[in-house]
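# Examining the three-dimensional arrangement
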Amino acid sequence: MRKATAAAMALTLWACGTGEGGGAGSASTRDSAGIRIVENQGAAWPAGAGWRIPDTSLVDIGGRGEGASELDQVNGLVRLSDGRLALANAGTNELRLFDASGTHLRSVGSTGSGPGEFQMMAGLWVGVGDSILVSDVMTRRLTVVDREGNVGRSFSLGGQPGLAMPAGGRVTVAIPQGWFGDGSVLGVTQAFSLNDPRQGAYRDSVTLVRYGADGAVRDTLGRFPGAEMEQMILAVGGRSISAPTPVPLGRQTHTYVREGRLFVARNNGWEVEVRGADGVLRSLIRASARPRAITAKDIEKNRKEQLDALEGQPMIRNLPEALKTQMKQRIEQAKYPASFPFIVALLGDPAGNLWVQEPTGAGEERSLWAVVDSTGRLLGRVRTPAHFRPTFIGLDAVFGVWRDPDEVQHVRGYPLRKG
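Residues numbered from 1 in each chain as written. Predicted model: local features only at pLDDT ≥ 70, side-chain atom pairs only at ≥ 80, totals over all residues. Heavy atoms only, no water.

### Remarks on the overall build of the chain
For clarity, the threshold we go by: To qualify as a helix, a DSSP run of H or I must reach at least 4 residues; to qualify as a strand, a run of E must reach at least 2; elements of each kind are numbered from the N terminus. This radius of gyration counts C-alpha atoms alone. The globule rule is 2.2 Å times how many residues there are, raised to the power 0.38. Only protein chains enter the accessibility calculation, which uses a 1.4 Å probe; a residue whose area is less than 20% of its type maximum is buried, one above 50% is exposed, and one in between is partly exposed. In this analysis, two residues are considered to be in contact whenever any of their non-hydrogen atoms come within 4.5 Å of each other. A residue counts as positive if it is Lys or Arg and as negative if it is Asp or Glu; His and the chain ends are not included. Every charge is mapped to an atom, namely NZ of Lys, CZ of Arg, CG of Asp or CD of Glu.
Helix and strand counts for the chain come out as four helices and 29 strands. Over its C-alpha atoms the chain spans a radius of gyration of 22 Å, differing by no more than 12% from the 22 Å that the globule rule assigns to 419 residues. Overall, the chain is about 65 × 55 × 50 Å in size when its C-alpha atoms are taken along their principal axes. Residues classed as buried in the chain amount to 48% of the 419 residues present. Restricting the contact set of the chain to residue pairs at least 6 apart, pairs at least 24 apart contribute 49%. Computing the positive centroid from 48 side-chain charges and the negative centroid from 43, the chain places the two 5 Å apart.

### A word on the sheet that holds strand S27 (residues 388-393)
Note the threshold: Two strands are counted as paired when DSSP detects at least two bridges linking them. Each axis is a line fitted through C-alpha atoms, taken for helices only over the stretch in contact, and angles between the N-to-C directions span 0 to 180 degrees.
One open sheet holds the four strands; their spatial order is S4-S29-S28-S27, and the pairing between them is antiparallel. Strands with a single pairing partner mark the edges of an open sheet, and in this sheet they are strand S4 (59-61) and S27. Geometrically, the sheet is characterised by an average inter-axis angle of 20° between neighbouring strands, direction not taken into account.

### Re helix H4 (residues 321-333)
So the rule is basically this: What a helix should span is 1.5 Å times the count of its residues minus one. Arc, as used here, means the arc of the directions from the helix axis to the C-beta atoms.
Given a rise of 1.5 Å per residue, 13 residues ought to cover 18 Å, and the 18 Å separating the end C-alpha atoms of H4 matches this to within 8%. Among the residues of H4, those classed as buried are Leu 323, Lys 324, Gln 326, Met 327, Arg 330 and Ile 331. Each buried residue of H4 sits inside an arc of 160° when the element is viewed along its axis, so together they form one side. Structural note: H4 exposes Glu 321, Ala 322 and Gln 333 on the side pointing more than 90 degrees away from its buried face.

### Some words on a nonpolar patch on the surface
The test is simple: Exposure above 30% relative accessible area and no salt bridge define the residues that can form patches, which grow by joining like charges within 9 Å and nonpolar side chains of Val, Leu, Ile, Met, Phe, Trp and Tyr within 5 Å. With residues, only the protein chains shown are counted as cover, and all accessible areas are computed by Shrake-Rupley using a 1.4 Å probe. Any carboxyl oxygen of Asp or Glu within 4 Å of a side-chain nitrogen of Lys or Arg constitutes a salt bridge here.
Residues Leu 194, Val 236 and Ile 241 make up a contiguous nonpolar surface patch of roughly 190 Å² in combined accessible area. Residue placement: Val 236 occurs in strand S17 (residues 229-236).

### Description of the packing of aromatic side chains
Keep this limit in mind: Side-chain rings of Phe, Tyr and Trp, where Trp is taken by its six-membered ring, are said to pair if the distance between their centres is within 6.5 Å; with planes under 30 degrees apart they count as stacked, over 60 as edge-to-face, and otherwise as tilted. A positively charged side chain is recorded as over a ring if its NZ (Lys) or CZ (Arg) lies within 6 Å of the ring centre. The angle to the ring normal must also be within 35 degrees.
Considering all chains together, one arrives at four aromatic pairs under this definition. Relative to Trp 355, the ring of Trp 51 lies with its centre 6.1 Å away and its plane at 35°, an arrangement referred to as tilted. With Trp 51 in the loop between strand S3 (35-41) and S4 and Trp 355 in strand S24 (residues 354-358), this pair connects stretches of sequence that are 304 residues apart. The burial state of Trp 51 is the same as that of Trp 355; both residues are buried. Arranged with centres 4.9 Å apart and planes meeting at 75°, the rings of Phe 388 and Tyr 414 form a pair that is edge-to-face. Separated by 26 residues along the polypeptide, Phe 388 in strand S27 and Tyr 414 in strand S29 (residues 409-415) bring together distant segments of the chain. Here Phe 388 and Tyr 414 have matching classes, each one buried. Joined through ring pairs, the aromatic side chains of Trp 45, Trp 51 and Trp 355 make up one cluster. The ring of Phe 180 carries the charged tip of Arg 210 above its face, separated from the ring centre by 5.1 Å. A cation over an aromatic ring shows up here: Arg 412 above the ring of Trp 402, its NZ or CZ 3.6 Å from the ring centre.

### Some thoughts on unusual backbone geometry
Its identity is not glycine, yet Asp 130 carries a phi of approximately 65°, on the positive side. Tracing the chain through its elements places Asp 130 in the loop between strand S9 (121-126) and strand S10 (132-136).

What follows is the structure, encoded as structure tokens:
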């Protein structure tokens, strides 16, 4: 019995660091009204083979408690063509550049609303010539920075900068989601209603819009289900205000942009839409998957993560204690769905492979990613090192945010072994 248990543990540890194949998986392809549909049954990699991400890091930035190596709320990380790393440190509203070994080169930006300043950095993308696009959600402004860290032009999606204000009890926002190869920007436009009388969870539609390099609307790409929401009631100044808030671990539509292609996962099942930059549906990628039940331990872990995130937000720190208490109570009392979404995130690599993150439970510290090639065939699954969240995937390495046992953020890169 002890030998069997030890063998099982060894096999588990080995599998966590290697690609997970599915045996003799198959993919069938058919055409439906000009749309290519790929149905995956299992994975192409043989069982026990495939790609893997070893636990030994190539670079480790953070945890030193001083200077530019002290990280706070990393909300974006990209790798430039020469190996340098650029990250958005939202805690100080700085864009920080590091060389391939992790040595700090330059910091750009500070907190403010002037040119080259930010109020809440919320996203980072790399484009042609290693130019960097920085999103500031508070000012609703996008700033282009060149490969050396010099601040260039700024623009707003739809020409509407500044904090979104309610109009007739309704707030409409445009949130950047990606950067096409020609410099145009993918944005999602969504409207929120205050004091909405609806009960329970709902998914309103959102609109995907392609904006030009100047922020002007170029084309509407389609309407898709938004995040699963419910109304949260807050008492403010003797009045009650009902505002929408995301359902914890609820479904939402995920997008990813790679040069001239747009990938969309609605989360009604394990399905990814492949669209052109014009929004036209080209193909559907599907894989057999069953909903994964959300357990009591999953809920406990997610609640802790939400409470920690609430405490870490600069905007929340300045709110009245009574309001913060209500927000904490909402987290502690929120109802959860019966199962996880099928898809958690989308990423891609330079070879044209799509990486699809699948849900993992509270006891699994290594995230799970399904790798799909450019034809839509499911190659297999890869597990990351523990406590590591990938944000950028290269040909031979994966980069992202890792948390140490004290929950301190690090930026790390790990080798990607193929075959």
